[in-house]
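Structural characterization, general
The chain contents come next:
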Amino acid sequence: MAGSTATSLSESTGLCCPYCLNVFVDPVVLKCGDSMCRGCVVSCMATQCALALSKLGDDKSVLPPDTVEVKCVKCSMVTPASVSRGAKALETNRHLVEILHQREHATGGSVVCVDCGQPATAHCSVCGSLCDTCWVGAHRRPIFATHPKLPLTQAIPEVLSNCPKHPKKEIELYCVNCTTLMCSVCAVTSHQGHKLLELSDQIAASKSDLQNLSKRCRNQKNKVDAAVRQLENVIASVTQKHTAFQAEVNKVGAELQDLLRNRIDFLNQQSSNICEKTVERLNRQKSMLTTISEHLEGASSCSLSALNSSSNVYVISAQKHSSETLQTVERVSSNSENLEPCERDEIFSILDKTACREAISSLGVILPPEEAIGAPGQPKICQASPTSLTLSWDPPPPPPPTKATRNRVTGYTVFVSRQQQQEEQRNNNNQQEEEPQQHQCGSDPRITVGGLTKGTTYMVSVRAESNGIHGRNSPFKALSTTNETRLEFTFSSNWDHQGVMWWLGTTPDPRHNPGNHTPNYVNPHSSGLVIASWSSTNCGAPQNALERDHNGGNYTTNEANSWWQVDLRPCGGSVRPSKYSIRHDSNGTDYIRNWELRGSNDGTTWTTITRHANDQTIDAKFGVGSWDAAPPTPTSSFSVFRVVMTGLDSSKSNNLLIAGFEIYGLLTVTTN
């Protein structure tokens, strides 16, 4: 009876949470001033987090926001709440807690402390009902020490059955639009045109909805409980497999120790056998060469002695002996293999320390062979410059379908060391070994390694990794930086920004700093990187053809074999062409029809790259045409390019009209 009386009293005085419609439990204050149970706030936050996670989908790299919005059921105002801090950050409605405690006391219950929940011993009109311990803590500061300490019987409960805006009016109506309770005065003054219901009708409807919600919550709870039980089974299974895996690791570890000892003994014995046989062959070669050296020494001494001899017979005999000896030695030494240490490179390759490490470490793979990560292909150069190498390689062989997820390559490690350094370490056993530089990259089999030395050979190897598990290294390959920068320019569309002239116009110092680019195009003729010229001038200037947006006339005089050319030698450049473009000027006539594109490296000797006869590609003002450029040999590169008219234009004249030129292909810039 006491519980039912307290519930009915709470409903009539507004002590129910608007979210759960039960009596407030640990009420907190929202931003709008209304209150909710702390547990209801946590439930709202959980719902918002679930919605945020559903929007993220399967992307695990993006975390949901830490702040969510709790919407007030009464006024719809939102209150920001931190997910990491939970509802603890919201302030407790101490006044409402005190009222609930006093209501409980009025219905026969005991008054409890608003701070700790223990039985209260006194009442403060400001702080609420407190026990003795909490009273001392709350009134320790002098500003709170003046609060009067009242007996519990003087705690006056607040009546919430009246309208908060019109205290003399009772709550009679419910506004569906604003989802709030009100009196009749509020309905007339603030809720005109809104849908209003009698308070009793709304309570009956809410209770009906609560029954359905309770049933749905119960069904959903059953599903969640089933999922929890399934997770518990999975956790138990994972723990069991982990224990079994550790036991297997220890077992395999013991086996590997035995295998490793046997492998080390075998490699040491193999190295000793190779060394003994090789030294024996080298000693035989050394003995042969020593004998030859002694014969040469004798022939030399005999020749010098004969020079000072008065005997003609001795002179002739010494000359013959020395000549025959030298001829014999020259026949032997003509074969460089007789002078070079036999099988040196092969032996050094066999006894290479990197190969030794690989031979031993291959035993340390715990996974079965079908699950192990294979070695990638040897690295190859995509682009070389004086200080960097852009490398690519073939990925390791794909794993079996059943192991594809476990063995998916997640990254690569590239090992780089100077070839000269490796040879010095190999020839000097006392020199401390320097570890190769390591460069990490993602799952894309491509990387640019910078900070290298111009014209230097490096030994490069690649190793694949899968979630921390290392695969085998690819064989080392010798790759060299250049004394020049090589860049490939590929045609995309007419008058694009992918050509050589555009790159020179946006690269202030292509020789010394080819990687430094500017957003603004500067005519490379004006900056001294190239030289533009032509056969004669009628209108404009030859360098106008290297402007990107020249909007006037630009053409030669009416002379046969008129030409225009660009010289890349000032910047140390040459191009192996693949395509080129010509842009017409502002005239609506005199379109180029018959011409050749020629290339040269000295400006004197010319090679025809392409020929055009009655080509009608360009037929409008500022029209652009692009054509393939096929040099005589695939490796032909040129530093000077010339457009030469070999016939009349569309207006039957010899004027060469050109307001733009671009070329594509492999650009080589020699560095200083």
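Residues numbered from 1 in each chain as written. Predicted model: local features only at pLDDT ≥ 70, side-chain atom pairs only at ≥ 80, totals over all residues. Heavy atoms only, no water.

**Points about the overall build of the protein chain**
When its secondary structure is counted, the protein chain shows eleven helices and 26 strands. For the protein chain, the proportion of its 672 residues judged to be buried stands at 35%. A separation of at least 24 residues holds for 61% of the contacts in the protein chain among residues at least 6 apart in sequence. Within the structure as shown, the protein chain displays about 39100 Å² of accessible surface, and the carbon and sulfur contribution to it stands at 52%. (Helix = DSSP H or I, 4+ residues; strand = E, 2+ residues; numbered from the N terminus. Buried < 20%, exposed > 50% of the residue type's maximum accessible area, 1.4 Å probe, protein only. Contact = heavy atoms within 4.5 Å. Areas by Shrake-Rupley, 256 points an atom, 1.4 Å probe, with all protein chains shown as cover.)

**Some points on a negative patch on the surface**
A cluster of acidic residues, E170, E172, E198 and D201, forms a negative patch at the surface. If you trace the backbone, E198 turns up in strand β9 (residues 196–198). (Patch = residues over 30% accessible without salt bridge, like charges linked within 9 Å, V, L, I, M, F, W, Y side chains within 5 Å. Salt bridge = Lys/Arg side-chain N within 4 Å of Asp/Glu carboxyl O. Lys, Arg positive; Asp, Glu negative; His and termini not counted. Charge placed at Lys NZ, Arg CZ, Asp CG, Glu CD.)

**Brief notes about the nonpolar core**
Most often, soluble globular proteins keep nonpolar side chains buried together rather than apart. Within the largest apolar cluster, 39 residues are counted, with the highest numbers of intra-cluster contacts made by W564, V566, L568, Y580, I582, F641 and F661. The set of elements that each furnish at least two residues to this core consists of β18 (484–489), α11 (500–505), β19 (531–534), β20 (563–567), β21 (573–583), β22 (595–600), β25 (640–645) and β26 (660–670). Discounting chain neighbours no more than four positions away, the residues touching W564 are A532, S533, W534, P542, A545, L546, F641, R642, V643, L656, I658 and F661. Ranked by size, the runner-up nonpolar core spans 19 residues in total, among them F24, L30, C44 and V70. (Core = buried A, V, L, I, M, F, W, Y, C linked by side-chain atoms within 4.5 Å.)

**Here's the deal with the sheet that holds β26**
Taken in spatial order, the four strands line up as β18-β26-β21-β24 in an open sheet, and their pairing is antiparallel. Only two strands of the sheet have a single partner each, and these edge strands are β18 and β24 (624–628). Neighbour-to-neighbour, the strand axes of the sheet open up by a mean angle of 30°, direction not taken into account. Bridge count for β21 against β24 is five bridges, and the pairing is antiparallel. When the sheet's bridge partners are listed, S581 is paired in β24 with S626. (Pairing = 2+ DSSP bridges. Axes fitted to C-alpha atoms, helices over the stretch in contact; angles between N-to-C directions.)

**Considerations on the confidence of the model for the protein chain**
It should be kept in mind that the predicted coordinates are not to be read in detail where pLDDT is low. Put simply, the protein chain has an average pLDDT of 80, and 79% of its residues get 70 or more. Residue range residues 1–13 is modelled with pLDDT below 50. Its contacts to residues more than four positions away, or to other chains, number 14 contacts. For the stretch residues 156–160, pLDDT sits under 50, and the model shows eleven contacts to residues farther than four places along the chain or on other chains. (pLDDT = per-residue confidence, 0-100.)

**Quick notes on the packing of aromatic side chains**
The tally for this structure, following the rule as stated, stands at nine aromatic pairs. Between the aromatic rings of W393 and Y412, the centroid separation amounts to 5.3 Å while the plane-to-plane angle is 75°, which identifies the pairing as edge-to-face. Remark: Y412 occurs in strand β12 (residues 411–418) and W393 occurs in the loop between β11 (389–392) and β12; sequence separation between them is 19 residues. Each member of the pair, W393 as well as Y412, carries the same accessibility label: buried. Arranged with centres 6.2 Å apart and planes meeting at 80°, the rings of F638 and F641 form a pair that is edge-to-face. An aromatic cluster of at least three residues, connected via ring pairs, comprises W564, Y580, W595, W627 and F661. In this arrangement the basic side chain of R548 is found over the ring face of W495, its NZ or CZ atom lying 4.4 Å from the centre. (Phe/Tyr/Trp six-rings, centres within 6.5 Å; stacked < 30°, edge-to-face > 60°. Lys NZ or Arg CZ within 6 Å of the ring centre and 35° of its normal.)

**Notes on unusual backbone geometry**
The backbone of W495 shows a phi angle near 60°, a positive value even though the residue is not glycine. Within the secondary structure layout, W495 lies in the loop between β18 and α11. Accessibility expressed as a relative area gives 17% for W495, which makes it buried. Of note in the backbone geometry, N614 takes a positive phi value of approximately 50° without being a glycine. As for its placement among the helices and strands, N614 is situated in the loop between β23 (607–612) and β24.

**Section: the pairing of β21**
Buried residues dominate β21, accounting for nine of its eleven residues. As defined by bridge partners, β21 adjoins β26 across ten bridges and the pair is classed as antiparallel. Paired with I582 across the bridge in β26 is F661.

**A few points about the pairing of strand β4 (residues 78–82)**
Pairing of strand β3 (residues 67–71) with β4 involves five bridges; the strand directions are antiparallel. Note on β4: the bridge partner recorded for V70 is T79. Counted along the chain from β3 to the antiparallel partner β4, the turn is six residues long, and its residue S76 has a positive phi close to 70°.

**A short note on a nonpolar patch on the surface**
Residues L21, L210 and L213 make up a contiguous nonpolar surface patch of about 210 Å² in total accessible area. For L213, a relative accessible area of 41% translates into the label partly exposed.

**Quick notes on the sheet that holds β19**
Strands sit in the order β19-β20-β25-β22-β23 across an open sheet of five strands; the sheet is antiparallel. Strands at the two margins of the open sheet, each flanked by one partner only, are β19 and β23. Neighbour-to-neighbour, the strand axes of this sheet turn through a mean angle of 15°, independent of strand direction. The sheet contact formed by β20 and β25 spans five bridges and is antiparallel. Its bridge partner being in β25, Q565 is matched across the sheet by R642.

**Things to note about helix α6 (residues 199–307)**
Helix length check: α6 (109 residues) gives 140 Å between terminal C-alpha atoms against 162 Å at 1.5 Å per residue, more than 12% under. Among all positions of α6, only Q202, S206, V252, L256, L267, I274, T278, Q285, I292, A299, C302 and A306 are buried. (Expected span 1.5 Å × (residues − 1).)

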